[in-house]
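For reference, the chains in residue letters:
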Amino acid sequence: QVQLVESGGGLVQAGGSLRLSCAASGRTFSPVAMGWFRQAPGQEREFVASISWSGTTTAYADSVKGRFTISRDNAKNTVFLEMNNLKPDDTAVYVCASRPLLYGVGYSTTDYDYWGQGIQVTVSS
């Protein structure tokens, strides 16, 4: 079992920044790729970013490329999502997820086996 707990969400004005954190426990963290997804009201969950277990490979949705940065600290079992130049369209519940052991970055919800509860990010115009 893996427990994932997100933090750092909130309300921010357009153009502002937020840094999300996802703390993992319950399974060895290092060999596991991680990802961030988001879900706006009435919409399906969509891929935001993913990072390999070593941190050397990252992937981003086109909508956030150049504005968001995913990173991880394996010593602290934590993955981060730095979000800059936020737009109202970024408003959603952000959820972190972990992949099965030894897999690389993943783009689909079906690539991940454990999920956090999610945290709200609201960007006002």
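This text follows the structure it describes.
Residues numbered from 1 in each chain as written. Predicted model: local features only at pLDDT ≥ 70, side-chain atom pairs only at ≥ 80, totals over all residues. Heavy atoms only, no water.

Asks: I'd love a proper account of the pattern of salt bridges, names of residues and values included.
Replies: Within this structure, the stated rule accounts for six salt bridges. The partner of R67 in a salt bridge is D90, and the shortest N-O contact between them spans 2.7 Å. Linking R67 in the loop between β6 (58–60) and β7 (68–73) with D90 in the loop between β8 (78–83) and β9 (92–98), this pair joins segments that are 23 residues apart in sequence. Shared partners join several salt bridges into a network, and the residues in it are R38, E46, R67 and D90. (Salt bridge = Lys/Arg side-chain N within 4 Å of Asp/Glu carboxyl O. Helix = DSSP H or I, 4+ residues; strand = E, 2+ residues; numbered from the N terminus.)

Asks: I'd like a rundown of the side chain of E6, residues and numbers included.
Replies: Tracing the backbone through its elements, the reader meets E6 in strand β1 (residues 3–7). Buried charged residue E6 carries no salt bridge. Nearest counter-charge: R45, at 7.8 Å. Within polar-contact distance, the side chain of E6 engages the backbone nitrogen of Q117 at 3.3 Å. One polar contact links the side chain of E6 to the main-chain amide nitrogen of G118, over a distance of 3.0 Å. With residues near it in sequence (within four places) discarded, E6 still touches S21, C22, W36, Y94, V95, C96, G116, Q117, G118 and I119. (Buried < 20%, exposed > 50% of the residue type's maximum accessible area, 1.4 Å probe, protein only. Lys, Arg positive; Asp, Glu negative; His and termini not counted. Polar contact = N/O pair within 3.5 Å; in protein donor to acceptor, adjacent residues only side chain to side chain. Contact = heavy atoms within 4.5 Å.)

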